[in-house]
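As a plain string of letters, each chain reads:
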Amino acid sequence: MWKQLEPKAVFRWFAWVSRFPHGSGHTEQLAEACLAFARERKLACRRDAIGNVVICKPGRGSSQSAAPLILQAHLDMVLAAAPESGRDLLAEGPRLQTDGEWVWAEGTTLGADDGIGVAVCLALLDDPTLEHPPLEIVLTVDEETGMKGALALDCAGLQGRRMINLDAEQEGIIYVGCAGGNKVSCVLPVRRIFTSGRGWELRISGLRGGHSGMDIHRGRASAARLMGRTLFRLSRETALYAAEAELGQADNAIAAEGTVRFLLPEQADPTAEVQKLEACFRSEYAAADPELRQVLEPWRPDGPVLDRDSTNRLITLLVCGVQGVEEMSQAVPGLPQTSGNLGLLRVTDREIRGEFCIRSTFDSQKIMLNERLACLAAALGGRAAYSEGCPAWEYRAESPLRVCCEKAYEALYEKKPISRMIHAGAECGVFAAAIPELDCISIGPEIRGAHTPAERMRVESVRRTWIWLLEILRRL
Ligand SMILES: [Zn+2]
């Protein structure tokens with residue numbers, strides 16, 4: 001079945017890429033193999049200090065002497081395995097499966113994000129009969145862990161002033177802009193004391209969570225916000241001492257679960273209040289998070305707890321920290337413009353640490369939310385530290401490359417592709433910031449469930465995207 005998938009060349013190279021383990025931070029083998037591939041074909045190639053690979057191929061046919069084109073994909077993939085799969089993607093590549101309609105991997109992420117982009121580049125480099133302008137193939141490392149490869153790439157070595165990024169996941173859509181983003185760590189001091197009382201554990205679970213950019217406008221609950229609301233209500237009635245709290249998995253995921261343990265006076269019983277709030281939350285989020293649960297159980301305290309001031313700092317951070325869409329775009333209907341997400345919270349003996357992910361189409365509004373968190377942290381006696389993050393990729397009204405891609409798609413498929421901006425980071429933003437005159441778009445075949453073991457890619461969509469790309473290359 002595998003060998004029959006069309007286009008054969010693209011799927012052959014996709015299978016080749018999948019033979020190598022290539023998680024973020026572990027792209028060495030695949031990068032070296034790509035260099036060997038280029039040398040065998042006598043193509044100029046190089047690898048920079050961080051591991052990015054650049055391969056050049058002269059133009060051919062009618063567009064032989066056209067301006068060069070950068071084609072860009074990322075070498076690394078997210079490693080995620082279903083717990084029962086027993087597979088270790090650090091040791092081996094994903095095991096590909098297909099039913100002729102979809103491609104997926106046995107129990108793990110497929111790595112079509114962005115192995116298919118790499119495969120398309122290799123198929124183009126490998127075929128001496130295709131017509132195209134001079135190509136600069138740029139394969140970056142560690143896109144999935146903060147775009148470190150793209151940020152470190154020396155773009156002065158690139159000739160191209162137009163670029164097609166091959167890391168999009170919906171066929172027939174041309175991505176033309178994205179939000180910039182960064183992380184903010186809010187660190188607040190704590191003091192622990194010994195005090196008596198009755199221990200309780202509150203667990204919030206069953207939320208859908210999701211990507212802090214792509215899903216931020218879907219009305220889903222954040223465990224951070226729910227925890228803050230419940231703790232505030234309980235602490236208003238009586239003296240509450242928080243002991244431990246943990247929330248979420250990563251700054252860029254909406255917190256889907258959280259647990260907090262705390263002490264209340266012996267005679268206090270928070271059960272009714274917690275149930276009342278759970279009922280409120282369940283009706284507020286009935287559509288987006290039908291499985292929402294807030295469960296309270298007795299807990300046996302086993303050490304010092306946060307004093308009242310420290311407890312209030314924790315509650316204030318949860319209640320007042322930025323969460324969700326701050327502003328919607330006025331230029332693009334339905335597009336979140338600026339958002340924040342408290343995705344990760346930990347409390348240690350020394351500090352409360354909350355990790356936020358901030359995104360905006362405008363770098364200036366990203367700074368606005370950074371500053372708001374700085375104000376909040378300072379008011380609570382702590383501090384906020386910002387990561388540099390990635391720049392926004394602003395929409396260009398004037399884009400000959402986009403027009404060429406639209407015309408090619410229309411000629412082939414008799415409908416106009418949709419231009420879209422996304423509320424998430426993309427490597428295009430890094431390139432657009434480094435090369436101010438860059439005309440840049442992003443396309444790719446249909447991929448579902450990226451970054452999860454359910455990741456799969458539609459075969460027919462790979463074929464259509466490949467033919468579209470060849471048509472674009474002919475027309476450039
Ligand atoms: Zn990707």
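Residues numbered from 1 in each chain as written. Predicted model: local features only at pLDDT ≥ 70, side-chain atom pairs only at ≥ 80, totals over all residues. Heavy atoms only, no water.

Q: Would you explain the packing of helix H5 (residues 223–237) against helix H6 (residues 271–284) in this entry?
A: Angle between the axes and distance between the axes: these two values describe a pair of packed helices. At a minimum axis separation of 11 Å, H5 and H6 run at an interaxial angle of 150 degrees. Note that H5 runs across H6; the crossing there is right-handed. Taken together, the residues of H6 that come into contact with H5 (itself represented by Leu-226, Arg-229, Thr-230, Arg-233 and Leu-234) are Glu-273, Val-274, Leu-277, Phe-281 and Glu-284. Here the contact of H5 with H6 is built from residues that sort into 5 nonpolar, 1 polar and 4 charged. (Axes fitted to C-alpha atoms, helices over the stretch in contact; angles between N-to-C directions. Helix = DSSP H or I, 4+ residues; strand = E, 2+ residues; numbered from the N terminus. Left-handed = near helix turned anticlockwise from the far one by under 90°. Contact = heavy atoms within 4.5 Å. Nonpolar A, V, L, I, M, F, W, Y, C, P; charged D, E, K, R; others polar.)

Q: How should the coordination of the zinc ion be read in this particular structure?
A: By definition of the ideal shapes, four donors in a tetrahedron about a metal sit 109.5 degrees apart, and six donors in an octahedron sit 90 or 180 degrees apart. Within the protein, His-74 (NE2), Asp-113 (OD), Asp-167 (OD) and Asp-167 (OD) serve as the donor atoms for the zinc ion, at 1.9 to 2.6 Å. Given 4 donor atoms and angles of 52 to 144 degrees at the metal, the environment of the zinc ion is assigned as irregular. Donor residues binding the zinc ion come from one chain and are separated in sequence as H-x38-D-x53-D. Of the two residues, His-74 sits in strand E3 (residues 69–74) while Asp-113 sits in helix H3 (residues 112–126), which places them 39 residues apart along the sequence. Residue His-74 is classed as buried on the basis of its relative accessible area of 0%. Take Asp-113: its relative accessible area is 5%, and that puts it in the buried class. (Donors = N, O, S within 2.8 Å, 3.2 Å for Na, K, Ca; no water. Tetrahedral: all angles 85-135°; square planar, octahedral: opposite > 155°, others 65-115°. Buried < 20%, exposed > 50% of the residue type's maximum accessible area, 1.4 Å probe, protein only.)

Q: Please clarify how the nonpolar core should be interpreted in this entry.
A: For soluble globular proteins, the rule of thumb is that nonpolar side chains tend to be buried together. Judged by nonpolar contacts, the single largest core of 66 residues is most densely connected at Leu-71 and Ile-164. Looking at which element gives the most residues to this core, the answer is H3, with 10 residues. Not counting the four nearest positions on each side in its chain, Ile-164 is found in contact with Leu-69, Ile-70, Leu-71, Gln-72, Leu-401, Ile-441, Ile-443, Leu-469 and Ile-472. Core analysis: the next-biggest nonpolar cluster, separate from the first, contains 47 residues, Leu-231, Ala-255, Tyr-285 and Val-347 among them. (Core = buried A, V, L, I, M, F, W, Y, C linked by side-chain atoms within 4.5 Å.)

Q: I'm lost on the pattern of salt bridges in this one. Help?
A: Opposite charge on two side chains makes pairing possible when the charged atoms of those side chains draw close. A full pass over the atoms with the stated rule returns 36 salt bridges. The partner of Glu-6 in a salt bridge is Lys-8, with the nearest N and O atoms 2.9 Å apart. Judged by its relative accessible area of 38%, Glu-6 is partly exposed. For Lys-8, a relative accessible area of 45% corresponds to the partly exposed category. Via salt bridges that share partners, Glu-201, Arg-203, Glu-244, Arg-261 and Glu-297 belong to a single interconnected network. (Salt bridge = Lys/Arg side-chain N within 4 Å of Asp/Glu carboxyl O.)

Q: Please clarify how the sheet that holds strand E22 (residues 447–448) should be interpreted in this entry.
A: Here 4 strands make up an open sheet; going across it, the order is E4-E5-E23-E22 and the pairing antiparallel. Because the sheet does not close on itself, it has two edges, and the strands there are strand E4 (96–98) and E22. As judged from the 2 bridges shared by E22 and strand E23 (residues 456–458), these two strands associate in the antiparallel manner. Residue pairing across strands places Arg-448 opposite Arg-456, the latter belonging to E23. Most of the contacts of helix H1 (residues 8–18) go to E4, to which it runs at about 145 degrees, and overall it touches E4, strand E5 (102–105) and E23. (Pairing = 2+ DSSP bridges.)

Q: So what exactly am I meant to see when it comes to the packing of aromatic side chains here?
A: Describing an aromatic ring pair means giving the distance of the ring centres and the angle of the ring planes. Across all of its chains, the model carries 7 aromatic pairs by this definition. Judged by centre distance (6.0 Å) and plane angle (85 degrees), the rings of Trp-2 and Phe-11 are edge-to-face. For Trp-2, a relative accessible area of 23% puts it in the partly exposed group. Relative to Trp-468, the ring of Tyr-409 has its centre 4.7 Å away and its plane inclined at 70 degrees; by these criteria the two rings are edge-to-face. Of this pair, Tyr-409 sits in helix H9 (residues 400–413) while Trp-468 sits in helix H11 (residues 459–475), placing them 59 residues apart in sequence. Of the two residues examined, Tyr-409 and Trp-468, each falls in the buried class. Through pairs of rings, three or more aromatic residues link up here, namely Trp-13, Trp-16, Phe-20 and Phe-37. If you follow Arg-464 out to its NZ or CZ, it ends over the ring of Tyr-413, 4.0 Å from the centre. (Phe/Tyr/Trp six-rings, centres within 6.5 Å; stacked < 30°, edge-to-face > 60°. Lys NZ or Arg CZ within 6 Å of the ring centre and 35° of its normal.)

Q: Would you take a moment to explain the domain arrangement of the chain for this structure?
A: How big an interface is tends to be reported as the loss of accessible area on association of its parts. Taken domain by domain, the chain consists of domain 1 (2–179 + 392–475) and domain 2 (193–386). Across the contact, 8 residues belong to domain 1 and 14 residues belong to domain 2. Carbon and sulfur atoms make up 66% of the area that domain 1 and domain 2 hide from each other, which totals about 850 Å². Its largest share of buried area at the contact with domain 2, domain 1 owes to Ala-392, Met-421 and His-423, together 65% of the area lost on that side. For the pair domain 1 and domain 2, the number of links is 0 salt bridges. The tally of links from domain 1 across to domain 2 stands at 3 residue pairs in polar contact (both at pLDDT 80 or more). Here the residues of the side of domain 1 that touches domain 2 are counted per class, giving 5 nonpolar, 2 polar and 1 charged. (Domains from an automatic or database assignment. Buried area = accessible area lost by both parts, 1.4 Å probe. Polar contact = N/O pair within 3.5 Å; in protein donor to acceptor, adjacent residues only side chain to side chain.)

Q: What exactly am I supposed to notice about helix H8 (residues 363–379) here?
A: Taking 1.5 Å per residue, 17 residues should reach 24 Å; H8 reaches 24 Å between its end C-alpha atoms and fits that length. Within H8 the residues assigned to the buried category are Gln-365, Lys-366, Leu-369, Asn-370, Leu-373, Leu-376 and Ala-377. The buried residues of H8 all sit within an arc of 150 degrees when viewed along its axis, so they share a single face. Turned more than 90 degrees off the buried face of H8, the exposed positions are Ser-364, Cys-375, Ala-378 and Ala-379. At its buried positions, H8 is contacted by strand E9 (180–189), helix H7 (308–320), strand E16 (324–328), strand E17 (336–347), strand E18 (351–360) and strand E19 (383–386). Looking one or two residues past H8, Gly-381 carries a phi angle of roughly 80 degrees, positive in sign. (Expected span 1.5 Å × (residues − 1). Arc of directions from axis to C-beta.)

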